[in-house]
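An overview of the molecular structure
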Amino acid sequence: MRTRKQVSSATDPTGRNQQLATVLFADICDSTWLFEKYGDWRARQLESRVIEILAARTAEYGGTLVRTIGDEIMSCFADAEKATNAACEMQAAVKDDPSLLEFGIAIKIGFHHGPVLVTDGDLSGDAVNVAARMVSLARPDQIITTAETIGRLPGDAQERTRRLGRSRIRGERDEMQIIEVIWQESATLTQLLGGGHPEEAHLFARLILEHRGASIEVVANAERFSVGRGPRNDLIVDQDLVSRHHAVIEFRQGKFILIDASTNGTHVLLENGARFFVQREEFTLHDRGIICLGQAVTIGDPDLIHYQCEQA
């Protein structure tokens with residue numbers, strides 16, 4: 001990779017080039033589902049189109065495409081501001097691209113500014129490791145970074161962020177403050193980095209669940225809401241593929257989180273058509289969609305759980 005003038009660099013004893021830079025990972029969410037639904041040829045076309053968009057936005061903001069790893073890219077930028085702008089444009093471009101609109105494709109992005117080692121055009125080091133962790137924490141349509149990185153942005157850019165809590169990163173001694181970059185216009189989502197708690201913007205948040213004609217409201221300060229086949233669950237779904245204690249929903253860090261604990265997993269269909277399979281992991285519920293326990297979402301199934309997140 002060619003060293004940019006704005007990037008601090010040095011050469012270590014092994015001859016590798018050491019720099020300060022912002023490393024960004026962008027990943028196509030649930031790409032396996034694309035191959036299952038549309039077949040190899042069409043799915044590869046869609047995947048290639050997304051990668052093409054991500055590479056173009058990288059170049060537009062002065063970055064370097066370091067490598068493509070399947071459905072993921074790794075890019076490098078001279079500074080955090082360029083990476084932030086590129087990340088926001090990547091999300092918007094994928095959502096607005098006419099050739100992708102009907103497929104409901106989502107991406108997630110993570111980035112971090114810090115030291116990297118450049119060896120034969122590839123990157124390694126602290127910033128790479130932390131950026132990889134950031135993208136692993138991100139959910140579909142999210143951009144995740146660290147407070148350290150956000151601190152390098154101008155004040156107006158820092159205002160379009162919100163804190164998500166702290167996380168321990170492998171190789172780092174202390175936990176790091178995790179920050180979401182808000183790329184969509186939504187006043188209810190914006191929180192100033194410098195003040196308040198993430199829950200304050202969601203004090204009156206609620207989740208509406210609809211199942212077999214019944215409507216259930218889950219409020220932000222409620223206990224965990226349980227779903228499953230067993231009689232002690234808050235919502236009982238009596239089907240063979242549903243576990244006795246299938247999943248719970250809890251409100252954490254300003255969001256409603258679906259936590260699967262089942263044998264057969266939980267399927268989620270978003271309003272934009274994107275589908276996700278959650279098994280023994282967590283999924284952040286946004287806007288509205290459909291939850292199906294133990295099997296894929298089939299429109300007309302009487303045991304579908306329709307959900308809607310609301311901010312008062």
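Report on the accompanying structure.

Overview of the sheet that holds strand β15 (residues 255-260)
Read from one edge to the other, the open sheet built from five strands follows the order β13-β12-β14-β15-β18, with strand pairing classed as mixed. Strands with a single pairing partner mark the edges of an open sheet, and in this sheet they are β13 (235-236) and β18 (282-285). Sheet analysis places strand β12 (residues 225-228) next to β13, joined by two bridges and oriented parallel. Within β13, the residue paired with G228 across the bridge is I236.

Quick word on unusual backbone geometry
Trans is the prevailing form of peptide bonds, just as negative phi is the prevailing case for residues other than glycine. Although it is not a glycine, D141 adopts a positive phi angle of roughly 75°. Looking at where D141 falls in the secondary structure, it is placed in the loop between α3 (126-137) and β7 (143-146).

Quick look at the pairing of β7
Across the two faces of β7 the burial is the same, with I143 and T145 and I144 and T146 all buried. The pairing of strand β5 (residues 107-119) with β7 spans two bridges and is classified as parallel. Bridge pairing links G110 to I144 in β7. As paired elements, β7 and strand β9 (residues 176-181) share three bridges and run antiparallel to each other. Bridge pairing in β9 links T145 to I179.

Comments concerning the environment of L34
Here L34 shows up in helix α1 (residues 31-60). On the basis of relative accessible area, L34 is assigned to the buried category, the value being 4%. C-alpha separation for the pair L34 and L46, spaced 12 residues apart in sequence, amounts to 8.4 Å. The contact partners of L34, leaving out residues within four places of it in the chain, are G39, A43, L46 and I105.

Some thoughts on the side chain of T145
Following the sequence through the fold, T145 ends up in strand β7. For T145, a relative accessible area of 0% translates into the label buried. Reaching out from T145, the side chain makes a polar contact with the backbone oxygen of F111 at a distance of 2.7 Å. Here T145 is in contact with F111, H112, M134, I150, Q177, I178, I179 and V181, once residues within four sequence places are set aside.

Some thoughts on the pattern of salt bridges
All chains considered together, the criterion is met by 11 salt bridges. We note a salt bridge from E180 to R162, for which the minimum N-O separation is 2.8 Å. Here E180 is found in strand β9, whereas its partner R162 is found in strand β8 (residues 161-167), with 18 residues between them in sequence. You can call E180 buried: its relative accessible area is 6%.

Quick look at the side chain of T149
Looking at the secondary structure, you find T149 in helix α4 (residues 147-150). Note on T149: relative accessible area 1%, which makes it buried. A distance of 2.8 Å separates the side chain of T149 from the side chain of T146, its partner in a polar contact. Ignoring anything within four residues of it in the chain, the contact list for T149 reads A80, F111, H112 and H113.

Cut-offs used in this document
Residues numbered from 1 in each chain as written. Predicted model: local features only at pLDDT ≥ 70, side-chain atom pairs only at ≥ 80, totals over all residues. Heavy atoms only, no water. Pairing = 2+ DSSP bridges. Helix = DSSP H or I, 4+ residues; strand = E, 2+ residues; numbered from the N terminus. Buried < 20%, exposed > 50% of the residue type's maximum accessible area, 1.4 Å probe, protein only. Contact = heavy atoms within 4.5 Å. Polar contact = N/O pair within 3.5 Å; in protein donor to acceptor, adjacent residues only side chain to side chain. Salt bridge = Lys/Arg side-chain N within 4 Å of Asp/Glu carboxyl O.

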